[in-house]
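Geometric and topological summary
So you can see what is in the structure, the chains are spelled out below.
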Amino acid sequence: MLMLDILRKLVQDVDNAPNLLAALDVIVQSVRDALNTEVCSIYLLDERSNRYVLMATHGLNPNAVGNVSLGFSEGLVGLVGQREELINLEDAASHPRFHYLPETGEDRYNSFLGVPIMNRRKVLGVLVVQQQEKRRFGESEEAFLVTLSAQISGVVAHARALGQLENLHAPKGGVASPRIFHGVAGASGIAIGRAVVIYPPADLESVPDRVTEDPANELQQFNQALMGVRNEIQQLDTKMATSLMPEERALFEVYLRMLDDNALPAEVIERIHAGNWAQGALRSVIDEHMQSFAAMDDPYLRERMADVRDLGRRLLAHLQQQTTPNRDFPESSILIGEDISTATLVDMPLENIAAIVTMTGAANSHMAIVARALGIPTVVGVSELPVGNLDDAEMIVDAYQSRVYVHPSRELRKRYKEIIKEERQLVAGLDAYRDLPAETPDGHRMTLYVNTGLMADVARGRERGAEGVGLYRSEIPFMLRDRFPSEEEQRNIYRQQLSAFAPYPVTMRMLDIGGDKDLPYFPIDEVNPALGWRGIRITLDHPEIFMVQMRAMLKAAIGLNNLQILLPMISSVFEIEEAQHLLLRAVSEVQEEEKVTIQTPKLGIMIEVPSALIQIKDLASIVDFVSVGSNDLTQYLLAVDRNNSRVADLYTPYHPAVLRALQYVVTEAHAVGKPVGICGEMAGDPGTAILLMAMGFDSLGMSASNLLKVRKVLRTIPLTNAKELLNEVLAIDNAAVIRSMVELELNKLGLWDLVRPTQKPVGGKVPA
Ligand code: PEP
Ligand code: MG
């Protein structure tokens with residue numbers, strides 16, 4: 001077989017393996033066969049002990065698996081890890097770093113080829129082949145191992161994150177030790193609480209083990225699920241009776257046999273008796289069966305593997321249907337999950353949610369924006385979080401430092417309790433700014449708007465003195481339903497927003513879906529959604545949806561006259577012209593229907609796309625106002641996906657290109673006499689807010705949680721200082737330097753606590 005074919009098959013086999021250990025086993029066996037060597041082994045880094053543990057081998061003593069390990073700087077394996085590059089030796093024993101492991105029986109092997117398994121600049125382990133014959137491995141063998149190692153690194157990283165590598169080497173049953181994980185801040189704040197794992201429905205792999213206190217109840221739930229699935233399969237069988245051949249329908253019989261009391265169910269029940277909850281017991285049984293199927297090469301048996309998985313999912317779906325509504329969310333619950341959608345979040349008992357932590361996502365993912373609006377501290381992109389092992393674990397979430405502590409020590413908890421107390425005092429101190437205008441000491445007055453989506457934002461925004469709504473994300477109410485809301489429903493929702501702020505303006509953005517914002521009932525499956533069908537592109541293709549929304553907004557504003565309409569994702573003049581045409585039509589329709597004279601609302605566009613930035617004068621001339629959507633503009637200017645945690649470090653509003661682009665928008669829009677606001681997240685960050693004010697933005701729109709902080713900053717820094725600072729930073733070519741300069745300025749004004757309260761630069765104690 002060609003190397004490429006071998007690789008392809010291997011990757012497929014690894015994909016089919018039920019868990020990491022089975023996958024590693026497949027790898028070592030196939031590599032040994034493919035390279036015709038005597039030994040292939042994989043060592044993985046155990047982070048707790050900082051040692052490379054032998055996790056799979058073909059050729060060395062199998063009993064050594066999980067029992068032998070090498071320190072960071074021990075042996076040739078340690079050296080491969082240290083150097084982060086391959087080592088190819090004809091005579092390993094003569095190398096000064098050779099370290100003989102007697103338990104493995106490796107003394108017979110002379111030649112050694114080791115390559116690091118790397119993921120995101122970190123060494124996760126080492127892949128090794130060995131042979132008795134003294135020879136240097138050839139170039140094509142080196143290339144094969146390097147390619148393979150790159151392929152498997154993702155699998156290892158994922159398994160590590162799901163907790164499958166926990167405790168493989170460490171002594172079992174000990175007290176859980178404290179650990180720190182890093183991510184990206186989604187919504188600032190600190191929380192102490194207990195983890196509640198949220199896993200996507202019917203996703204077997206992510207079901208955690210959980211000790212049950214009521215096995216009888218778990219048994220009953222399982223039996224009910226079993227009955228449900230048996231019925232389901234019988235119904236399928238009947239339904240297919242006319243369209244499937246009898247031998248094809250035999251599959252259903254196989255399913256039913258697998259569900260026989262003495263088959264799979266007996267094993268699950270045994271595990272429930274042993275103390276696991278029904279879902280965990282089911283997952284472990286299915287896992288084990290998949291593992292034994294994976295070891296077989298026969299395509300027929302592989303098919304059976306898919307059947308077992310399918311049955312597992314069906315049973316799980318039934319179990320989850322029974323348990324979800326009763327899910328317990330104790331006070332100070334910390335929601336954790338691989339991914340948590342906006343819809344899942346808003347469905348939670350929000351008063352009990354202290355914080356959110358997810359493995360995926362980035363600072364400006366939609367869920368993070370909603371969490372920010374709700375004031376729930378959130379850390380996203382914690383790719384290493386062992387979600388599967390964390391249910392009910394005590395945790396501290398420090399979203400200022402983007403850190404998550406699992407099983408924190410007593411001292412750390414004490415320190416964080418103090419910080420939380422200090423933060424409460426800070427927030428209480430901010431109350432003084434509720435009714436004060438956002439006016440600098442040298443008399444420059446800014447308009448602060450709130451961004452809304454939920455009704456909760458309205459109350460909080462008003463309470464904190466917002467002078468209107470800069471961005472109403474109209475897609476949020478669409479996300480909370482299982483179908484498009486009717487015109488009348490929409491009218492009621494919009495009326496609440498408009499009347500809460502009248503006579504202040506409420507800027508309603510037309511439906512902005514696509515990209516990372518999917519409606520469950522209108523799925524858009526695209527390879528590259530950020531550059532695909534989203535925002536205005538969808539609504540112009542669906543004038544029926546657009547018109548209903550516009551009509552509902554116009555009707556809602558009757559008698560209030562404070563509606564402004566905002567178009568998202570504009571990239572060309574013709575999109576504005578088409579929307580204007582539809583708006584005029586909607587106005588005349590509503591006038592006719594409601595028998596009133598409608599004041600045509602002001603129409604604005606969002607500047608989110610580089611083409612709109614470059615053509616700003618053309619676009620601004622034909623609308624009433626512009627509003628910069630800096631979240632998307634940053635993503636498109638820097639070519640950094642705002643949802644991708646891998647490149648989250650590159651996504652920064654302090655990038656010189658972003659700052660200079662924003663200054664350009666303000667100057668050009670003003671040159672054609674149009675007001676310009678900004679409604680992206682950077683308007684609500686005290687550091688960037690002062691730069692935006694200095695640039696000349698007419699208004700800043702932010703989530704309610706940031707209104708008081710920003711007002712305090714603006715009331716502290718004179719406009720002249722902010723302008724001097726802006727002039728200095730616009731000449732700098734490096735984002736990190738710009739950020740430090742801004743933070744230094746805030747610190748000089750005694751405002752450090754508003755930026756990073758848990759990381760004091762002078763004097764203050766910073767937790768480890
Ligand atoms: C933006 O892109 O900056 C914006 C405000 O819109 P959203 O975050 O909803 O995409
Ligand atoms: Mg946007």
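Data block above holds the structure.
The structure reproduced in this document is the subject of the present report. (Residues numbered from 1 in each chain as written. Chains lettered and ligands numbered in written order. Predicted model: local features only at pLDDT ≥ 70, side-chain atom pairs only at ≥ 80, totals over all residues. Heavy atoms only, no water.)

What the chain contains, in helices and strands, is 27 helices and 22 strands. Against the globule reference of 27 Å for 768 residues, the chain gives a C-alpha radius of gyration of 30 Å, in line with a compact fold. Contacts spanning at least 24 positions in sequence make up 67% of the contacts within the chain whose residues lie at least 6 apart. For the chain, the accessible area works out to roughly 32900 Å², and carbon and sulfur atoms hold 50% of it. (Helix = DSSP H or I, 4+ residues; strand = E, 2+ residues; numbered from the N terminus. Rg over C-alpha atoms; globule rule 2.2 N^0.38 Å. Contact = heavy atoms within 4.5 Å. Areas by Shrake-Rupley, 256 points an atom, 1.4 Å probe, with all protein chains shown as cover.)

Residues in contact with ligand 1 amount to 14 residues; listed here are only the nearest, Arg473, Arg509, Gly629, Asn631 and Arg642. Ser630 places a polar main-chain atom, nitrogen or oxygen, 3.1 Å from an oxygen atom of ligand 1. Contributions of two or more residues to the shell around ligand 1 are made by β16 (469–473) and α21 (630–638). A per-class count over the shell around ligand 1 returns 4 nonpolar, 4 polar and 6 charged. (Near = heavy atom within 4 Å. Polar contact = N/O pair within 3.5 Å; in protein donor to acceptor, adjacent residues only side chain to side chain. Nonpolar A, V, L, I, M, F, W, Y, C, P; charged D, E, K, R; others polar.)

Moving on to the sheet that holds strand β2 (residues 51–58). Ordered in space as β3-β2-β1-β6-β5-β4, the 6 strands form an open sheet in which the pairing is antiparallel. The sheet is open, and its two edges are formed by β3 (69–71) and β4 (87–89), each paired on a single side. Neighbour-to-neighbour, the strand axes of this sheet turn through a mean angle of 20°, independent of strand direction. The strands that helix α3 (residues 75–83) touches are β1 (39–46), β2, β3, β4, β5 (111–119) and β6 (122–131); relative to β5, the one it contacts most, it runs at about 40°. (Pairing = 2+ DSSP bridges. Axes fitted to C-alpha atoms, helices over the stretch in contact; angles between N-to-C directions.)

In terms of nonpolar packing, the biggest core is built from 109 residues, with Leu567, Leu662, Phe697 and Leu700 touching the most fellow members. With residues near it in sequence (within four places) discarded, Leu700 still touches Met446, Thr447, Leu448, Tyr449, Ile678, Ala683, Ala689, Leu692, Val710 and Leu714. (Core = buried A, V, L, I, M, F, W, Y, C linked by side-chain atoms within 4.5 Å. Buried < 20%, exposed > 50% of the residue type's maximum accessible area, 1.4 Å probe, protein only.)

Before going further, it helps to spend a moment on the sheet that holds strand β8 (residues 184–187). Adjacent strands of a sheet form backbone hydrogen bonds with each other and so pair up, either parallel or antiparallel. Judged by pairing direction, the sheet is mixed, and its 8 strands sit side by side in the order β7-β14-β13-β9-β10-β11-β12-β8 without closing on themselves. Since the sheet does not close on itself, it has two edges, and those belong to β7 (179–182) and β8, each with one partner. The mean inter-strand angle of the sheet, taken between neighbouring strand axes irrespective of direction, is 30°. Pairing analysis gives 5 bridges linking strand β9 (residues 190–197) to strand β13 (residues 394–398), with the strands arranged antiparallel. Each residue of the ladder has a partner; that of Arg194, found in β13, is Glu394. Lying on the sheet, helix α11 (residues 366–374) is in contact with β8, β11 (353–358) and β12 (378–380); it crosses β8 at an angle near 50°. Along the sheet, helix α12 (residues 410–430) contacts β9, β13 and β14 (403–406); its crossing angle with β9, the most-contacted strand, is approximately 120°.

The next point concerns the coordination of the magnesium ion (ligand 2). Within the protein, the atoms that donate to the magnesium ion (ligand 2) are Glu608 (OE) and Asp632 (OD), at distances of 2.0 to 2.1 Å. Here Glu608 is found in the loop between β19 (602–607) and α19 (610–614), whereas its partner Asp632 is found in helix α21, with 24 residues between them in sequence. (Donors = N, O, S within 2.8 Å, 3.2 Å for Na, K, Ca; no water.)

Overall, the coordinates contain 7 aromatic pairs when judged by the stated rule. Measuring from centroid to centroid gives 5.0 Å for Phe484 and Tyr521, while their planes differ by 80°, and the two rings are edge-to-face. Of this pair, Phe484 sits in the loop between α14 (475–479) and α15 (487–501) while Tyr521 sits in the loop between β17 (506–509) and α16 (536–541), and the two are 37 residues apart along the sequence. Grouping aromatic residues by their ring pairs yields a cluster made of Phe478, Phe484, Tyr521, Phe522 and Trp533. Seen from the ring of Trp277, Arg210 lies directly overhead, with NZ or CZ sitting 4.0 Å from the centre. (Phe/Tyr/Trp six-rings, centres within 6.5 Å; stacked < 30°, edge-to-face > 60°. Lys NZ or Arg CZ within 6 Å of the ring centre and 35° of its normal.)

Look at helix α23 (residues 686–695) against helix α24 (residues 707–716): their axes get within 10 Å of each other, and the N-to-C directions meet at 55°. Classed by the angle they form, the pair α23 and α24 counts as oblique. Two packed elements cross with a definite hand, and for α23 against α24 that hand is right-handed. Counted together, Pro686, Ala689, Ile690 and Met693 of α23 and Lys709, Val710, Val713 and Leu714 of α24 form the full contact between these two elements. Residue classes in the contact of α23 with α24 are distributed as 7 nonpolar, no polar and 1 charged. (Parallel < 35°, antiparallel > 145°, perpendicular 65-115°, else oblique. Left-handed = near helix turned anticlockwise from the far one by under 90°.)

What follows deals with the pairing of β13. The buried count for β13 comes to 4 of 5 residues, which makes it a mostly enclosed element. Here 4 bridges tie β13 to β14, and the two strands are oriented antiparallel to one another. The partner of Val397 across the bridge, within β14, is Val404. A loop of 4 residues connects β13 with β14, the two strands running antiparallel in sequence, and Ser402 in this loop sits at a positive phi of about 55°.

Moving on, we come to the pattern of salt bridges. By the definition in use, this model includes 35 salt bridges. A salt bridge links Lys517 to Asp512; the nearest nitrogen and oxygen atoms lie 3.1 Å apart. Of the two residues examined, Lys517 and Asp512, each falls in the buried class. Among the ionic contacts, a cluster of salt bridges with common partners joins Glu487, Arg491, Arg551, Lys555, Arg585, Glu589, Glu593 and Glu594. (Salt bridge = Lys/Arg side-chain N within 4 Å of Asp/Glu carboxyl O.)

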